[in-house]
Amino acid sequence: MTEYLRINLETEKWECRVCDHEIAPAEGNYKEGLLVHNRDPREIHPPVIDPDKYKFTFSPDPEWVRILEFCCPSCGTQVETEYAIPGHPPLWDMQVDVAALKAQWAARGPAMLPDAGPSVVAGRAHTH
């Protein structure tokens, strides 16, 4: 589904493609099974001009925006990042019809199954 997420069609769960950790039910929002770091946007986008002299510094105001970093609770891989309104729940950015996905893969047959995640590419293991 993404570089770091896959759906295990047998268990119907989101999984981390780096460590195979089961994250959450595939019918739901995968972000509910991840660790969340609520970052101050000024850490990512520091002020361009002196905040002691100017109200607007070209740095996001933490009262208006937050940066959420979602990580696998098993291996710590950062799976997703989103800019959000403070107090707003995380976005549900991928809603999957699991039954349709199962039917699609069943029609393809076993020869078309994907091999694995990032560690398969060029024989390299994922490192942090």
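Conventions we followed
Residues numbered from 1 in each chain as written. Predicted model: local features only at pLDDT ≥ 70, side-chain atom pairs only at ≥ 80, totals over all residues. Heavy atoms only, no water. 1 Å grid on protein atoms, 1.4 Å probe; cavity = no way out; pocket = protein on both sides within 12 Å on 5 of 7 lines; lining within 4 Å. Points joined across faces, edges and corners; volume = space filled by probe spheres on them. Nonpolar A, V, L, I, M, F, W, Y, C, P; charged D, E, K, R; others polar. Pairing = 2+ DSSP bridges. Helix = DSSP H or I, 4+ residues; strand = E, 2+ residues; numbered from the N terminus. Axes fitted to C-alpha atoms, helices over the stretch in contact; angles between N-to-C directions. Phe/Tyr/Trp six-rings, centres within 6.5 Å; stacked < 30°, edge-to-face > 60°. Lys NZ or Arg CZ within 6 Å of the ring centre and 35° of its normal. Salt bridge = Lys/Arg side-chain N within 4 Å of Asp/Glu carboxyl O.

Labelled according to an unreviewed UniProt entry, the protein appears under the name Acetone carboxylase subunit gamma, originating from Antarcticimicrobium sediminis.

To find the voids left in a structure, one rolls a probe of water-molecule size over its atoms. Volume-wise, the second largest pocket comes out at about 240 Å³. Taken together, the residues that form the lining of the second largest pocket break down as 5 nonpolar, 2 polar and 3 charged.

To continue, consider the sheet that holds strand β4 (residues 35-39). Taking strand neighbours across the sheet as the criterion, the 3 strands line up as β4-β5-β6 in an open arrangement whose pairing is antiparallel. Across the chains shown, the open sheet's two edge strands, defined by having one partner strand only, are β4 and β6 (78-84). If you compare each strand with its neighbour and ignore which way they point, the axes differ by 20° on average. The pairing of β4 with strand β5 (residues 66-71) spans 5 bridges and is classified as antiparallel.

Turning to the packing of aromatic side chains, a few remarks are in order. Applying the stated criterion across every chain, the model contains 1 aromatic pair. Arg108 extends its terminal NZ or CZ atom over the ring of Trp105, reaching a point 4.3 Å from the ring centre.

Taken in spatial order, the 3 strands of this open sheet run β1-β2-β3, and their pairing is antiparallel. Looking at the sheet topology across the chains shown, the edges are occupied by β1 (5-8) and β3 (22-25). For this sheet, the mean angle separating the axes of adjacent strands, direction not counted, is 30°.

In this section: the pattern of salt bridges. Opposite charge on two side chains permits them to pair, given that their charged atoms come into close proximity. With the rule as written, the count across this model stands at 8 salt bridges. The partner of Asp40 in a salt bridge is Arg42, with the nearest N and O atoms 2.7 Å apart. Via salt bridges that share partners, Arg6, Glu15 and Asp20 belong to a single interconnected network.

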